[in-house]
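# Fold and contact review
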Amino acid sequence: VTLTASASGVNKTFSLQLTAGTAQLAVSPTSIAFGNVTVAKPSTQTVTVTSNGSAALTINSIAVSGTGFSFTGATLPVTLNPGQTLALQFTSNPT
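Each residue is numbered by its place in its chain's sequence as written, counting from 1. Owing to the predicted nature of the model, reporting of local features is limited to residues with pLDDT of at least 70; listing and counting of side-chain atom pairs is limited to 80 or more, with chain, interface and lining totals taken over all residues. By convention in this description, side-chain values take in all heavy atoms of the structure and omit both hydrogens and water.

### Description of the packing of aromatic side chains
Put simply, the test is: A pair of aromatic rings is counted whenever rings of Phe, Tyr or Trp (Trp by its six-membered ring) have centres within 6.5 Å, and the orientation is called stacked for planes under 30 degrees apart, edge-to-face for over 60 and tilted otherwise. Going along the chain from the N terminus, every DSSP run of H or I of four or more residues is numbered as a helix, and every run of E of two or more is numbered as a strand. Accessibility here uses a 1.4 Å probe with only protein chains present; expressed as a share of the type maximum, an area under 20% marks a residue as buried, one over 50% as exposed, and anything in between as partly exposed.
A complete count under the given rule lists two aromatic pairs for this structure. On the basis of an interplanar angle of 50° and a centroid distance of 5.8 Å, the ring pair of Phe 34 and Phe 69 is categorised as tilted. With Phe 34 in the loop between strand S3 (25–28) and strand S4 (43–51) and Phe 69 in strand S6 (residues 69–72), this residue pair connects regions lying 35 residues apart in the sequence. For Phe 69, a relative accessible area of 38% puts it in the partly exposed group.

### Focus on unusual backbone geometry
Cis geometry marks the peptide bond from Ser 28 to Pro 29; its omega dihedral reads -5°. With respect to the helices and strands, Pro 29 occurs in the loop between S3 and S4. Going from Leu 76 to Pro 77, the amide bond is cis rather than trans, its omega being 0°. Here Pro 77 is to be found in the loop between S6 and strand S7 (78–80). Even without a glycine there, the phi angle at Ala 40 is positive, about 70°. Tracing the chain through its elements places Ala 40 in the loop between S3 and S4. By relative accessible area, Ala 40 is classed as exposed at 59%.

### Regarding a nonpolar patch on the surface
How we decide: Residues with no salt bridge and a relative accessible area higher than 30% make up the patches, which join like charges within 9 Å and nonpolar side chains (Val, Leu, Ile, Met, Phe, Trp, Tyr) within 5 Å. The accessible surface values rely on the Shrake-Rupley method and a 1.4 Å probe; as for residues, cover is taken only from the protein chains in view. Salt bridge, as used here, is a side-chain nitrogen of Lys or Arg placed within 4 Å of a carboxyl oxygen of Asp or Glu.
There is a patch of nonpolar side chains on the surface, built from Val 1, Leu 16 and Leu 18 and spanning about 360 Å² of accessible area. Along the polypeptide, Leu 18 turns up in the loop between strand S2 (10–15) and S3.

### Section: the environment of Asn 60
To keep it simple, the criterion reads: It only takes one pair of heavy atoms within 4.5 Å for two residues to be counted as in contact.
In this fold, Asn 60 is placed in the loop between strand S5 (57–59) and S6. The spacing of Asn 60 and Pro 77 is 17 residues in sequence and 4.3 Å in space, taken between C-alpha atoms. When near neighbours in sequence (up to four residues on either side) are disregarded, Asn 60 contacts Leu 76 and Pro 77.

The structure is reproduced here in C-alpha cells:
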C-alpha cells in the first residue's frame, strides 16, 4: 500500500506493508491413554493447549466420543491470544 501526503505543494510518499499474523495451536500431550479404569471411579488427565503463533486463535468446539468420556476446563468458543494456554481435563468414568 502506498500512502501519499501533500502539504504546501510538497508531496511525500510512504510505503506501508501489512503482515497478517498466523494462528498456531500446540497440544501437550498429543495423546492420552486411560488404561484400565475401575467402574464408578473416574480418572482424569490434563491436556494443555497453547497458542504459539503470532495471532489469536479461537477454539469453537471439542468433540469427545465414547460412553463415559467427558471434558471440562473451557466454555466454548474460547479465544487464546499468542502465548496463552488453556488446561483441559478429560475424564473417563465408566459405568
